[in-house]
Amino acid sequence: MKLKITQTKSVIDRPKDQKATIEALGLSRPNRSVEHNDTPQIRGMIRKVAHLVKVEEIQD
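Residues numbered from 1 in each chain as written. Predicted model: local features only at pLDDT ≥ 70, side-chain atom pairs only at ≥ 80, totals over all residues. Heavy atoms only, no water.

Remarks on the sheet that holds strand S1 (residues 2-7)
In space, the three strands of this open sheet follow the order S2-S1-S3, with antiparallel pairing throughout. Because the sheet does not close on itself, it has two edges, and the strands there are strand S2 (33-37) and strand S3 (53-58). On average, adjacent strands in this sheet sit at an angle of 25 degrees to one another, irrespective of strand direction. Its contacts with the sheet place helix H2 (residues 40-48) against S1, S2 and S3, and it is angled at close to 25 degrees to S1. (Pairing = 2+ DSSP bridges. Helix = DSSP H or I, 4+ residues; strand = E, 2+ residues; numbered from the N terminus. Axes fitted to C-alpha atoms, helices over the stretch in contact; angles between N-to-C directions. Contact = heavy atoms within 4.5 Å.)

Let's talk about the nonpolar core
Judged by nonpolar contacts, Leu 3, Ile 5, Val 11, Ile 22, Leu 25, Leu 27, Val 34, Ile 42, Ile 46, Val 49, Leu 52 and Val 53 together constitute the single largest core of twelve residues. Among the secondary structure elements, those contributing two or more residues to this core are S1 and H2. Discounting residues that sit within four places of it in the chain, Val 34 has contacts with Leu 3, Lys 4, Ile 5, Leu 25, Gly 26 and Leu 27. (Core = buried A, V, L, I, M, F, W, Y, C linked by side-chain atoms within 4.5 Å. Buried < 20%, exposed > 50% of the residue type's maximum accessible area, 1.4 Å probe, protein only.)

Structural notes on the pattern of salt bridges
One pass over the structure, following the stated rule, counts four salt bridges. When the shortest N-O distance is used, the salt bridge between Lys 48 and Asp 17 registers 3.1 Å. A residue pair is termed long-range when its members are at least 10 positions apart, and Lys 48 in helix H2 and Asp 17 in helix H1 (residues 16-24) qualify at 31 residues. Because the salt bridges share partners, they merge into one network encompassing Asp 38, Arg 43 and Glu 57. (Salt bridge = Lys/Arg side-chain N within 4 Å of Asp/Glu carboxyl O.)

Pasting the structure below:
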């Protein structure tokens, strides 16, 4: 299964670790989307910035 991750809010005035997590996910600005495989590592990153992103599950 894959996850479609869309950034919904800006990282301006957010802690450095949240900015780094958004960048590590491959996002750069609001309304951009990326797809990642559903792994525990990606789920952990999403959990850290859940208030900044929207996640959809995509069937392969």
